[in-house]
Amino acid sequence: RKIRTAWDEEKEEWYFSVQDVVAVLSESTDPKQYIKKMRARDPQLSANWGTICTPLQMLAPDGKMRKTQAANTEGILRIIQSIPSPKAEPFKTLLAKVGAERLEEIADPEKAMERAVATYKAKGYSDEWQNAGIKESKEFAALTNILTIAWSFLWLFLENLFPSL
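As a starting point, this report considers the structure included with it. Not measured: the values here are computed from a predicted model.

**Some thoughts on the environment of Pro55**
Okay, so step 1: Within the fold, Pro55 resides in strand 3 (residues 54-59).
Okay, so step 2: Leave out the neighbours within four places in its chain, and Pro55 touches Lys67, Thr68 and Gln69.

Here's what the structure looks like:
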């Protein structure tokens, strides 16, 4: 099944149809009812539903633009955590892995830098960026952006996980 998406130009992030994601992962024939039951099972999710979901105009199956409950990546991942389905398990495993990696990086910040450099290299950038004298080049700017994003993501994640930080 196709999952409808919308790009928010102002926030520069993707939004996903909650109903579509739930339908695919739960294999429910009635995703609206499934969402109601899921919210009843998870009071914390239900209490934050208005913050997690945003009504956005998306193309409906009948070909008309209609308001649809949508969530950004963070919101969709939170919703996926509440779906008890084998199809949701790979996402839950990924979240646990990323969370564990980020906690390791708190204990040893050098690991975050190593991971960011590995990501930079995996994207095909040169291993020799440090020795090539490219401090004022696009490659240096790209590496700086990647490192900044990695650290920003780490702190956002940790602030959500540990509000007292």
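Having seen the structure, we can now continue with the description.
**Details of the pattern of salt bridges**
Okay, so step 1: Here the structure, examined in full by the defined rule, presents eleven salt bridges.
Okay, so step 2: Between Glu101 and Lys97 there is a salt bridge, and its shortest N-O distance comes to 2.7 Å. Here the residue Glu101 and the residue Lys97 both occupy positions in helix 6 (residues 89-107), the gap between them amounting to four residues, near one helical turn.
Okay, so step 3: The network of salt bridges with shared partners includes Lys97, Glu101, Arg102, Glu105 and Arg115.

**Quick look at helix 6**
Okay, so step 1: With 19 residues, helix 6 should cover 27 Å at 1.5 Å per step; its first-to-last C-alpha distance of 27 Å lies within 8% of that length.
Okay, so step 2: Where helix 6 is concerned, the buried positions are Val98, Gly99, Glu101, Arg102 and Glu105. On an axial view of helix 6, the arc spanned by its buried residues comes to 160°, and they lie on one face. Counted as exposed and oriented over 90 degrees from the buried face of helix 6: Thr93, Lys97 and Ala107.

Cut-offs applied
- Residues numbered from 1 in each chain as written.
- Predicted model: local features only at pLDDT ≥ 70, side-chain atom pairs only at ≥ 80, totals over all residues.
- Heavy atoms only, no water.
- Helix = DSSP H or I, 4+ residues; strand = E, 2+ residues; numbered from the N terminus.
- Contact = heavy atoms within 4.5 Å.
- Salt bridge = Lys/Arg side-chain N within 4 Å of Asp/Glu carboxyl O.
- Expected span 1.5 Å × (residues − 1).
- Buried < 20%, exposed > 50% of the residue type's maximum accessible area, 1.4 Å probe, protein only.
- Arc of directions from axis to C-beta.

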